[in-house]
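Here is how the chains run, residue by residue.
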Amino acid sequence: MGPFKPQGPFPKDSESNRSFSAYYYSYFNQVGIKIVRPWLCYSNVLNKPYCHFCWLLADRQNKSYSSAWVNGVSVRSNFTQTILDHEKSQQHINASLSYNNWLQGNTIDTLLQSEINSKITFWRDVLHRIINVIITLASCNLSLRGHDSDSGNFMAILRLLSNYDATLKELLLKPKGEINYLSPTIQNEIISLLGTTVRNNIISEIKKAPFLTIILDTTQDLSKIDQLSVVFRYISVTENDDNVPKEIKICESFLGFIAVTDCSAAGLKTDILNLTKEYGIDLTKCRGQGYDGANVMSGVYGGLQTLIKEHAPNADYVHCAAHALNLVLNDAARHVREVSTFFDNLEKIYTFFGNSIKRWAMLSDDSSEKYLITLKKVCPTRWSSRNDALLAVKKIFLLIMKTLYQLNLISNKKDEREECKNIINILESYDFLVLVTFFSSLFEIINPVSKALQHENNDLQKSSILLSNLLNKLCQLRNQISFNSLLNESKDLAKEWGVTTVFKNRRRKITKRFFDELSQDERISDPESYFKVNVYYCC
């Protein structure tokens, strides 16, 4: 069975006195190829030709539906044009497509499922690209949005990629109001899901670890709320296919911040116990605690380290070696007046130039290779920042002096000229130059050790060795030979910088002698000896 195509003879139409012909079943194109019209049929009952496709599959609910070719048409003059007009009609085209899909076994359910799968693939591709953009921005520590949801790095990158990616181009061309997964809410939800996934993977590794160490510290955020940072250091064991351990790796992972309302040792202990309970971490596997030296954290009677030991007896407290070294150096420098003044002067130089765009521009005007370094700020707590500030001043000392003298000549502000003279007097003093030389040599010893103590692969044994070697080197400097070497190096530098090699004379302080004292008040009068005893040996 199939389309009925009788070959004739065909009766004449009563109205037009014309008859159908089998010639209409096919036609010849412009190159002479015969093409069959599969849709054209003839009904012996109606004695009229009709469209087989429209008779079966025409959309009868459509407003533009025509029943002419469904119920049969009369053969009139110019019937060939009538056939051509029907072939171009939308009703016939849709019916032909439906008939072709039916022949290929494509049912409505199959077509719907194919369309659903196509949309699923599209949105999966969209989400894959969006997630990758968010991960890239997060790993580079860049913000996603600007002042509104349509600006910022996130949308800028998507617009850029849409020039080369058809999926993103189609997404961005969607009308406003349609689903596009680009809203700030979706961005935040994706970030939250990514963070949860990463945290769950870290927690899974911590649970498998045979031993772990907990590292805590608190800091205030912008809203003045104390945030407790939680870091776990643990052992990750890699096994081969036979479940035999082949590699042991020490990992250190940050789990997040906890808002702290009770900063006492008991309050912090409660926060830690709640955290380990929430994540299912066995605290009895803890073998170490790493905090700062505050009494709340390190107290041997009521400190956090003692309270944690009640739940993890083997968790020994260890003060961070790099932090301890930083505290020792800061305390040693702060209790020597000349050293404290020296670093205050470094900060004064930075502040003088940094507080004025004009002065900073004058200092940065020399673009030669040796002056590419800029002045650095002295951080009051981080010892390494003092090294950076000192190296910057030492590197561009001559440029600083040149700029100060220039400002002293051209400035029309009295306060600025006075400040210039003050800094010039400081920089041209031999005491300042010797301290520059002294701390340059100290930082060459101390700074590498400080950085090594902060390395992720560091352990207690390495820390002990590093600190012991540092102590030995510092002790070797406390002798007359090292002091003479320092003075010789300082004189060479003074010659290069044009500074007079004479220590500053200080007014001798005389303490009143009481009637029962037998000895005279003795003070060091020689400036060089004063520097050696009260500065060099005190550091």
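Residues numbered from 1 in each chain as written. Predicted model: local features only at pLDDT ≥ 70, side-chain atom pairs only at ≥ 80, totals over all residues. Heavy atoms only, no water.

1. Considering the overall build of the protein chain
Along the backbone of the protein chain there are 21 helices and nine strands. For the protein chain, the C-alpha atoms occupy an extent of roughly 155 × 70 × 45 Å along the three principal directions. A buried classification covers 35% of the 539 residues belonging to the protein chain. Summarising the internal contacts of the protein chain: among those between residues at least 6 apart in sequence, 61% fall at separations of at least 24. Only carbon and sulfur atoms are counted for the fraction: they give 53% of the accessible area of the protein chain, which is about 33800 Å². (Helix = DSSP H or I, 4+ residues; strand = E, 2+ residues; numbered from the N terminus. Buried < 20%, exposed > 50% of the residue type's maximum accessible area, 1.4 Å probe, protein only. Contact = heavy atoms within 4.5 Å. Areas by Shrake-Rupley, 256 points an atom, 1.4 Å probe, with all protein chains shown as cover.)

2. Considering the pattern of salt bridges
One pass over the full model with this rule turns up nine salt bridges. The salt bridge involving arginine 37 is made with glutamate 87; its shortest N-O contact spans 3.1 Å. Residue arginine 37 is located in the loop between β2 (34–36) and β3 (40–43), and its partner glutamate 87 is located in helix α3 (residues 79–88); the two are separated by 50 residues in the primary sequence. Taking the relative accessible area as the measure of exposure, glutamate 87 reaches 22% and is therefore partly exposed. The partner of arginine 359 in a salt bridge is glutamate 416, and the shortest N-O contact between them spans 2.6 Å. With arginine 359 in helix α14 (residues 357–363) and glutamate 416 in helix α17 (residues 414–427), the pair connects residues that are 57 residues apart, well separated along the chain. For glutamate 416, a relative accessible area of 11% gives the class buried. (Salt bridge = Lys/Arg side-chain N within 4 Å of Asp/Glu carboxyl O.)

3. Re the nonpolar core
One finds Phe342, Phe353, Ile400, Leu404, Leu427, Phe432 and Phe439 to be the most contacted residues of the largest nonpolar core, which totals 57 residues. Here this core takes 13 residues from helix α18 (residues 430–453), the largest share from any one element. The contact partners of phenylalanine 432, leaving out residues within four places of it in the chain, are Phe342, Asn345, Leu346, Ile349, Val393, Ile426 and Leu427. If you look at the next biggest cluster of nonpolar residues, it comprises 28 residues, including Ile203, Val260, Ile272 and Ile308. (Core = buried A, V, L, I, M, F, W, Y, C linked by side-chain atoms within 4.5 Å.)

4. Regarding the sheet that holds strand β8 (residues 286–291)
Within the open sheet, the five strands sit side by side as β7-β6-β5-β8-β9. Their pairing is mixed. In this open sheet, the two edge strands, each paired with only one partner strand, are β7 (245–260) and β9 (316–319). Direction aside, the axes of adjacent strands within the sheet are offset by 25° on average. Inspection of the sheet shows β8 paired to β9 by four bridges, in the parallel sense. When the sheet's bridge partners are listed, glycine 290 is paired in β9 with valine 318. (Pairing = 2+ DSSP bridges. Axes fitted to C-alpha atoms, helices over the stretch in contact; angles between N-to-C directions.)

5. Brief notes about unusual backbone geometry
With the exception of glycine, most residues fall at negative phi, and the peptide bonds are largely trans. Despite not being glycine, tyrosine 181 has its phi angle at roughly 60°, a positive value. Locating tyrosine 181 in the fold gives a position in the loop between α7 (166–172) and α8 (184–208). You can call tyrosine 181 partly exposed: its relative accessible area is 30%. Phi at lysine 224 takes a positive value of approximately 65°, unusual for a residue other than glycine. If you trace the backbone, lysine 224 turns up in the loop between β5 (212–220) and β6 (226–239).

6. A few points about the pairing of β6
Both β5 and β6 contribute to a ladder of nine bridges, which runs antiparallel. Across the sheet, isoleucine 215 pairs through a bridge with valine 231, a residue of β6. In terms of strand pairing, β6 meets β7 through 14 bridges, oriented antiparallel. In the sheet register, threonine 238 faces β7, and the bridge partner there is glutamate 247. The antiparallel pairing of β6 with β7 creates a hairpin that spans five residues between the two strands, and asparagine 243 there sits at a positive phi of about 60°.

7. Quick word on the pairing of strand β4 (residues 48–51)
Where β3 and β4 come together, four bridges link them in antiparallel fashion. The residue of β4 that forms the bridge with cysteine 41 is tyrosine 50. Taking the residues between adjacent antiparallel strands as the criterion, β3 and β4 are bridged by four residues, where asparagine 47 takes a positive phi near 55°.

8. Here we look at the confidence of the model for the protein chain
Put simply, the protein chain has an average pLDDT of 85, and 94% of its residues get 70 or more. At the level of individual helices and strands, the protein chain shows its lowest average pLDDT in helix α12 (residues 321–334), which scores 81, and its highest in helix α6 (residues 153–162), which scores 93. (pLDDT = per-residue confidence, 0-100.)

9. Overview of the environment of leucine 442
Summarising the element assignment, leucine 442 is placed in helix α18. Given a relative accessible area of 9%, leucine 442 falls into the buried group. Remark: the alpha-carbon pair of leucine 442 and aspartate 526, spanning 84 residues in sequence, is separated by 25 Å. Once residues within four sequence positions are removed from consideration, leucine 442 is found in contact with Leu474 and Leu477.

10. Some thoughts on the packing of aromatic side chains
Under the definition given, this model contains 31 aromatic pairs. On the numbers, 5.2 Å between centres and 50° between planes, the contact of phenylalanine 342 with phenylalanine 432 is tilted. Taken together, the residues phenylalanine 342 in helix α13 (residues 337–354) and phenylalanine 432 in helix α18 connect sequence positions 90 residues apart. Residue phenylalanine 342 is classed as buried on the basis of its relative accessible area, which comes to 2%. For the ring pair phenylalanine 342 and phenylalanine 439, a centre distance of 5.7 Å and an interplane angle of 10° mean the geometry is stacked. Of this pair, phenylalanine 342 sits in helix α13 while phenylalanine 439 sits in helix α18, and the two are 97 residues apart along the sequence. Pair check on accessibility: phenylalanine 342 and phenylalanine 439 agree, each one buried. Pairwise contacts between aromatic rings join Phe342, Phe343, Tyr430, Phe432, Phe438, Phe439, Phe443, Phe483, Phe503, Phe531, Tyr536 and Tyr537 into one cluster. Above the plane of the ring of phenylalanine 352 lies arginine 359, whose end atom (NZ or CZ) is 4.3 Å from the centre. (Phe/Tyr/Trp six-rings, centres within 6.5 Å; stacked < 30°, edge-to-face > 60°. Lys NZ or Arg CZ within 6 Å of the ring centre and 35° of its normal.)

11. Examining helix α20 (residues 480–497)
Over its 18 residues, α20 runs 25 Å from end to end, which matches the ideal 26 Å to within 8%, given 1.5 Å per residue. Looking at the buried side of α20, the elements it contacts are α15 (383–395), α16 (397–410), α18, α19 (460–476) and α21 (527–536). Two or three places before isoleucine 481, at the start of α20, stands the capping residue asparagine 479, its side-chain oxygen 3.2 Å from that residue's backbone nitrogen. Once α20 ends, the next one or two residues include glycine 498, with phi positive near 75°. (Expected span 1.5 Å × (residues − 1). Polar contact = N/O pair within 3.5 Å; in protein donor to acceptor, adjacent residues only side chain to side chain.)

12. Some remarks on a nonpolar patch on the surface
A cluster of nonpolar residues, Tyr27, Val31, Ile33 and Ile35, forms a patch on the protein surface that exposes about 350 Å² of accessible area. Its location among the elements puts tyrosine 27 in strand β1 (residues 26–28). (Patch = residues over 30% accessible without salt bridge, like charges linked within 9 Å, V, L, I, M, F, W, Y side chains within 5 Å.)

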